[in-house]
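Chain by chain, the residues run as shown.
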Amino acid sequence: MLTLILLFPLAGVLVNLLFGLRRGEKFAGRVATGAIALSFLAGAWGFLSLLSLPPGQRALRSFLFEWIPVGSLSVKASFLLDPLSSVMVLVITGVGALIHLYSIGYMHGDRGAARYFIYLNLFVFSMLTLVLGDNFLVLFVGWEAVGLCSYLLIGFWYERDSAVEAGKKAFIVNRVGDFCFLIALFMILFHFGSLDFGVVLPQAASVLGAGTAAATLVCLLLFGGATGKSAQIPLYVWLPDAMEGPTPVSALIHAATMVTAGVYMVARTNALFALSPLAMGVVATIGALTLLMAGTIALVQNDIKRVLAYSTVSQLGYMFLAAGVGAYTAAIFHLMTHAFFKALLFLGAGSVIHALHGEQDIRRMGGLRAGLPVTHWTFTVGGLAIAGIFPFAGFFSKDAILFAAMTSPRGGLLLWLAGAAGALLTAFYMFRLIFKVFHGRCALPIEQQARLHESPPPMRVPLQVLALLSIAGGWVGIPLIHGADVFGAFLAPVFPKAGDGHQEAVLEVAMMAVSLAIAFFGIFLAYRFYVQAQGVGASYARRWPGLYRLLVNKYWVDEIYDAWIVQPIKRGSIWAWRNFEEGFIDAAVNGAGAAVQAAGGAVRRLQTGYVKSYAVAMLAGAFAILIYLTVRG
Amino acid sequence: MLAPLEHYLILSAVLFTLGVVGVVVRRNAIVVFLCIELMLNGANLAFIAHGSALDSLDGQLVVFFVMAVAAAEAAIGLAIVVLIYRNRESTDVDEMNLLKL
């Protein structure tokens, strides 16, 4: 069944390549959506088979063939379904199927719709390869393939310069992270002589040793890879630009699944990270910094998708914060609930953009509640979930992370404070968005207001299903009542025991109350700023112009990268081109060319000038030699 | 691996022949170019198959060289095609006869 999970999306790609491109978007959309739905069913079957096994032995392996047998190294093309990967598979195929369905409505009428569905299926296939791979190399293949699909889909509307630029930026920034990842793989291969999870992870402690420089370096490099794919400091800059792609792509790839690959990878290699307290500290610190930085930038953005993009970066920061303090279950839990509500928010944003014919600036929206009722209530559910309001999904997962940040032996007050501040920011920017888009006075021209219409059913149904998941999806991980934390118990075989295992219920309830209060405070602030007294936000911006400019310009990180990294490389390249390339190589090549030209001038009269006749002559010559050799031998 | 050597060689010959036919028949420089790659890879397959059949690494070694050369060739070849297209707004190989006097 493992191969079935992978086979359906791949079959979707092939069928659409062969027939979909000719038969049009309707056919392509149905095939693609059906393929992912079947893959989801296969994933659910795999999940049920895992459940039927005793908890300690929940791992299904599927060996396809030996991929790279060289000397003592043997890399197999094999797949592993264990609790961790089955959670990922269900999220990817489940959310993926909904987003495919939504895309049928969203991409309706686009000339490239069939191509779009091919890329999307290819993405799901790659992502499944990533999470199902049973060794680092299969994971890496998936890792690179999702990067490729991300690039293709960001630049999907390739007539637009900004989309092409964003695609290139995503690809190149990710290359930096992938380079780190690759070095880490080389180091693992060097130390362990194998890349199998089943070999490397159990032996990690004995081969590398706890706290050694090698362990720290491997972990930091792995994390470096994760910062690229999962948009953490310092490599997060590509994700906001990636919003140039179609909105369902932002939902699937740049919110729900691909960007969580780094979290998955860190969780998968937790045995390595356990060896290096330093690396764990770096992971937690980067996560905390990223969630604060992205959260503050999201406060002042005016593009609906960019607010959500920075929100994604910020939520990914939460996941790394959790992973960094050793609370992998909380990280994966948040990964799952985030996939629900962030996909919902993006699809809701897509529905708004669709209804407004491409308008993305929230300053030109407002009062859309009446025209888009379904979008409005589902988006609000998503907002409540991400803000962490009880009993929505985000409440449980964010609370689990905050609790771990405080109580875990690796955590502390500072990390908790960062997380709590992030929760305030989240509630504020999300409800700023909701109030500005759906409430207040409509800023649209009158004739456009009249034509405002709710999205078609293929787009509404995914919104409603995801809204239900954003409400109920967190209930699998209710922490308080022992034995009710089904999610944690299911993942327990994969992760080391977090802390001493005994949790103080009183403390946890108190912290839940605090985080709930923080979330409500954030929403209240947004209400005051953007509903009660609408000029307040602008007046604060006037009072602290420096701070406002800092945030609006996103801390000038893009400019700093451009000045310190991109421009020096460009200048160096130009120098090399002017001096070395033109002065040395070109001169030598041109000299050789001139010599040949001089010699050839004499015999060029004999030539016909047709490349093909030369090719035929070469072919005849090759045949003649062949015949000569055959006859002689 | 499992299939006998002949099968690989037949596939290799088929690929190579397809490439040759393409080079001779097609007029679009990019397609010609792709066909050359096909020929190279046909040859690669033969090398690999022999290497595997003779249980020697030499076949793989040669393939790495071929691949490196093919990559270099692809870079230069595509650059030439781009430049020619800029000059003459066409990639028809029959129109590329500047060297003729």
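Let me begin by describing the structure that accompanies this report.

Cut-offs and rules
- Residues numbered from 1 in each chain as written.
- Chains lettered and ligands numbered in written order.
- Predicted model: local features only at pLDDT ≥ 70, side-chain atom pairs only at ≥ 80, totals over all residues.
- Helix = DSSP H or I, 4+ residues; strand = E, 2+ residues; numbered from the N terminus.
- Rg over C-alpha atoms; globule rule 2.2 N^0.38 Å.
- Contact = placed C-beta atoms within 7 Å.
- Buried ≥ 20, exposed ≤ 12 C-beta atoms within 10 Å, placed from the backbone.
- Axes fitted to C-alpha atoms, helices over the stretch in contact; angles between N-to-C directions.
- Parallel < 35°, antiparallel > 145°, perpendicular 65-115°, else oblique.
- Nonpolar A, V, L, I, M, F, W, Y, C, P; charged D, E, K, R; others polar.
- Pairing = 2+ DSSP bridges.
- Left-handed = near helix turned anticlockwise from the far one by under 90°.
- Core = buried A, V, L, I, M, F, W, Y, C linked by C-beta atoms within 7 Å.

1. Here we look at the overall build of chain A
When helices and strands are tallied, chain A shows 26 helices and two strands. On C-alpha atoms alone, chain A measures out to a radius of gyration of 27 Å, which is about the 26 Å that the 2.2 N^0.38 rule sets for 633 residues. Expressed along its principal axes, the backbone C-alpha trace of chain A runs to roughly 95 × 65 × 50 Å. Partitioning the intrachain contacts of chain A with sequence separation of at least 6 by distance along the chain shows that 80% fall at a separation of at least 24.

2. Quick word on the overall build of chain B
Within chain B, the regular secondary structure consists of three helices and zero strands. Going from the N terminus to the C terminus, chain B shows its helices and strands as α-α-α. Here the C-alpha radius of gyration of chain B, 17 Å, is well above what a compact globule of 101 residues would show, namely 13 Å. A principal-axis box enclosing the C-alpha atoms of chain B has dimensions of 50 × 25 × 25 Å. Taking all 101 residues of chain B together, the buried fraction comes to 16%. In chain B, the share of contacts with a sequence separation of at least 24, taken over all contacts with a separation of at least 6, comes to 46%.

3. Some details on the packing of helix α14 (residues 304-324) of chain A against helix α15 (residues 328-355) of chain A
Residue and element names in this part refer to chain A. Two elements in contact, α14 and α15, have axes separated by 9 Å at closest approach and are oriented at 175°. Between α14 and α15, the interaxial angle falls into the category roughly antiparallel. Contacts between α14 and α15 involve I304, K305, L308, T312, Q315, Y318, M319, A322 and A323 on the former and, on the latter, Y328, A330, A331, H334, L335, H338, K342, L345, F346, A349 and V352. Looking at the contact of α14 with α15 residue by residue, the class counts come to 14 nonpolar, four polar and two charged.

4. Re the pairing of strand β1 (residues 60-70) of chain A
Residues and elements named next belong to chain A. Of all the eleven residues making up β1, zero are buried; the element is thus mostly uncovered. Direction of pairing for β1 relative to strand β2 (residues 73-81): antiparallel, over a ladder of nine bridges. Bridging from a neighbouring strand, F63 pairs with S78 of β2.

5. Topic: the interface of chain B and chain A
Contacts between the two partners involve ten residues from chain B, matched on the other side by eleven residues from chain A. Grouping the constituent residues of the side of chain B that touches chain A by class yields seven nonpolar, one polar and two charged.

6. Some thoughts on the environment of B:A70
All names here are of chain B. The residue A70 is located in helix α3 (residues 58-88) in this model. Spatially, the C-alpha atom of A70 lies 9.2 Å from that of N41, the residues being 29 residues apart in sequence. In this structure A70 touches E37 and L40, once residues within four positions along its chain are discounted.

7. Re the packing of helix α3 (residues 83-106) of chain A against helix α20 (residues 457-472) of chain A
Residues and elements named next belong to chain A. Close contact between α3 and α20 brings their axes to 7 Å; oriented N to C, the two are set at 150°. Judged by the inter-axis angle, α3 sits roughly antiparallel to α20. Crossing geometry of α3 relative to α20 is assigned as left-handed. Taken together, the residues of α20 that come into contact with α3 (itself represented by L98, I99, L101, Y102, I104, G105 and Y106) are P458, M459, V461, P462, V465 and L466. Residue classes in the contact of α3 with α20 are distributed as twelve nonpolar, one polar and no charged.

8. As for the nonpolar core
With 201 residues, the main nonpolar core has A:L321, A:A322, A:A331 and A:A343 as its most contacted residues. Here this core takes 18 residues from α15(A), the largest share from any one element. When neighbours within four sequence positions are excluded, A:A322 is seen to be in contact with A:A327, A:A330, A:A331, A:H334, A:I401 and A:A404. By size, the runner-up hydrophobic cluster in this structure holds seven residues, among which are B:V23, B:V32, B:C35 and B:V93.

9. Brief notes about unusual backbone geometry
Residues and elements named next belong to chain A. Omega for the bond connecting I233 with P234 falls within 30 degrees of zero, at 5°, which places this linkage in the cis form. Among the secondary structure elements, P234 is positioned in the loop between α8 (213-229) and α9 (238-241). Note that the residue after F390, namely P391, is joined by a cis bond; omega there is -5°. Mapped onto the elements, P391 comes out in the loop between α16 (373-387) and α17 (393-407). Its identity is not glycine, yet K554 carries a phi of approximately 55°, on the positive side. Examined against the element boundaries, K554 turns out to sit in the loop between α24 (545-552) and α25 (557-603).

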